[in-house]
Amino acid sequence: KQEVTQIPAALSVPEGENLVLNCSFTDSAIYNLQWFRQDPGKGLTSLLLIQSSQREQTSGRLNASLDKSSGRSTLYIAASQPGDSATYLCAVTGRDSGAGSYQLTFGKGTKLSVIP
Amino acid sequence: KAGVTQTPRYLIKTRGQQVTLSCSPISGHRSVSWYQQTPGQGLQFLFEYFSETQRNKGNFPGRFSGRQFSNSRSEMNVSTLELGDSALYLCASSSTAGVADTQYFGPGTRLTVL
């Protein structure tokens, strides 16, 4: 059974700092990995999607990397801003061997606070 | 283009009742997936519908069911509610089948079971 772990559970940084969020997964047989952002009381916003054949994806100040063989991904946020404060979730898509279907498995997230 | 909409946004029910939640995907999207989010378990996949057919299913009991209509709108039903069903229920839509595509999430329905 796929397990996704995100460390740390919470992170507080001063504005302007560069930071890295970590995600690890136990089964490397994945189709892709996604990073999402969730603001309090709201749904998820997709930030980056990395296919299993890719090593990284970039969007603006965000850069996500994927090392499938070691079961790790990082989300790098450059020059953090107070508006980046949110919970960041990573999710992997794999096949559930029991059900024979695709499964999207989420980590529990890292709650980021950027202090002005 | 309008985003994914979910109704109602908040719902309070008592144990033993049943509930139906609704999700309207982004126009043109034919895949709708449902998720349950709780503080203890995090986000868990419930099921996915594409072209009115359930294509994928997570590990939830049969009390959780869903359906999709010809206009791609989807409903999720939970029967015989339990206290542990209290959660934020999220739906997501994508243009293609399978959860391998980028998913766009709605704001969720907050269900409280008393």
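Residues numbered from 1 in each chain as written. Chains lettered and ligands numbered in written order. Predicted model: local features only at pLDDT ≥ 70, side-chain atom pairs only at ≥ 80, totals over all residues. Heavy atoms only, no water.

1. Re the interface of chain B and chain A
A common way to state how big an interface is: give the accessible area lost once the parts meet.
Line of reasoning, step 1. Counting from both sides, the interface comprises 24 residues of chain B and, opposite them, 21 residues of chain A.
Line of reasoning, step 2. Buried area between chain B and chain A, summed over both chains or domains, comes out near 1600 Å², and the portion from carbon and sulfur atoms is 53%.
Line of reasoning, step 3. Linking chain B with chain A are 0 salt bridges.
Line of reasoning, step 4. Residue assignment for the side of chain B that touches chain A shows that the elements contributing at least two residues are strand E4 (31-38), strand E5 (42-50), strand E6 (53-57) and strand E9 (87-94) of chain B. (Contact = heavy atoms within 4.5 Å. Buried area = accessible area lost by both parts, 1.4 Å probe. Salt bridge = Lys/Arg side-chain N within 4 Å of Asp/Glu carboxyl O. Helix = DSSP H or I, 4+ residues; strand = E, 2+ residues; numbered from the N terminus.)

2. Description of the state of the cysteines
All names here are of chain A.
Line of reasoning, step 1. Applying the stated criterion across every chain, the model contains 2 disulfides over all chains.
Line of reasoning, step 2. Here Cys23 engages in a disulfide with Cys90; their sulfurs sit 1.8 Å apart. One end of the pair, Cys23, is in strand E3 (residues 19-25); the other, Cys90, is in strand E9 (residues 86-96), and 67 residues separate them in sequence.
Line of reasoning, step 3. Judged by its relative accessible area of 3%, Cys23 is buried. (Disulfide = S-S within 2.5 Å. Buried < 20%, exposed > 50% of the residue type's maximum accessible area, 1.4 Å probe, protein only.)

3. Focus on the pattern of salt bridges
Pairs may arise between side chains of opposite charge once their charged atoms sit close together.
Residue and element names in this part refer to chain B.
Line of reasoning, step 1. In this structure the tally under the stated criterion is 6 salt bridges over all chains.
Line of reasoning, step 2. Here Arg73 and Glu75 are joined by a salt bridge, their closest N and O atoms 3.3 Å apart.
Line of reasoning, step 3. Note on Glu75: relative accessible area 16%, which makes it buried.
Line of reasoning, step 4. Linked through salt bridges whose partners overlap, the residues forming this network are Arg63, Glu82 and Asp85.

4. What to know about the environment of Thr87(A)
Residues and elements named next belong to chain A.
Line of reasoning, step 1. Looking at the secondary structure, you find Thr87 in strand E9.
Line of reasoning, step 2. The class for Thr87 is partly exposed, based on a relative accessible area of 21%.
Line of reasoning, step 3. Taking the C-alpha atoms as reference points, Thr87 and Thr110, 23 residues apart in sequence, are found 5.4 Å from one another.
Line of reasoning, step 4. Not counting residues within four places of it along the chain, the set of residues in contact with Thr87 comprises Phe36, Arg37, Gln38, Gly109, Thr110 and Lys111.

5. Digging into the nonpolar core
Line of reasoning, step 1. Judged by nonpolar contacts, the single largest core of 22 residues is most densely connected at Phe25(A), Leu33(A), Trp35(A), Leu75(A), Ile77(A), Tyr88(A) and Leu112(A).
Line of reasoning, step 2. Put simply, the parts of the chain that give this core at least two residues each are E3, strand E4 (30-38), strand E5 (44-51), strand E7 (62-67), strand E8 (72-77), E9 and strand E11 (110-115) of chain A.
Line of reasoning, step 3. Discounting chain neighbours no more than four positions away, the residues touching Leu75(A) are Leu19(A), Val20(A), Leu21(A), Trp35(A), Leu47(A), Leu48(A), Leu62(A), Asn63(A), Ala64(A) and Tyr88(A).
Line of reasoning, step 4. Among the nonpolar cores identified, the runner-up in size contains 21 residues, and Ile26(B), Trp34(B), Phe60(B) and Met76(B) belong to it. (Core = buried A, V, L, I, M, F, W, Y, C linked by side-chain atoms within 4.5 Å.)

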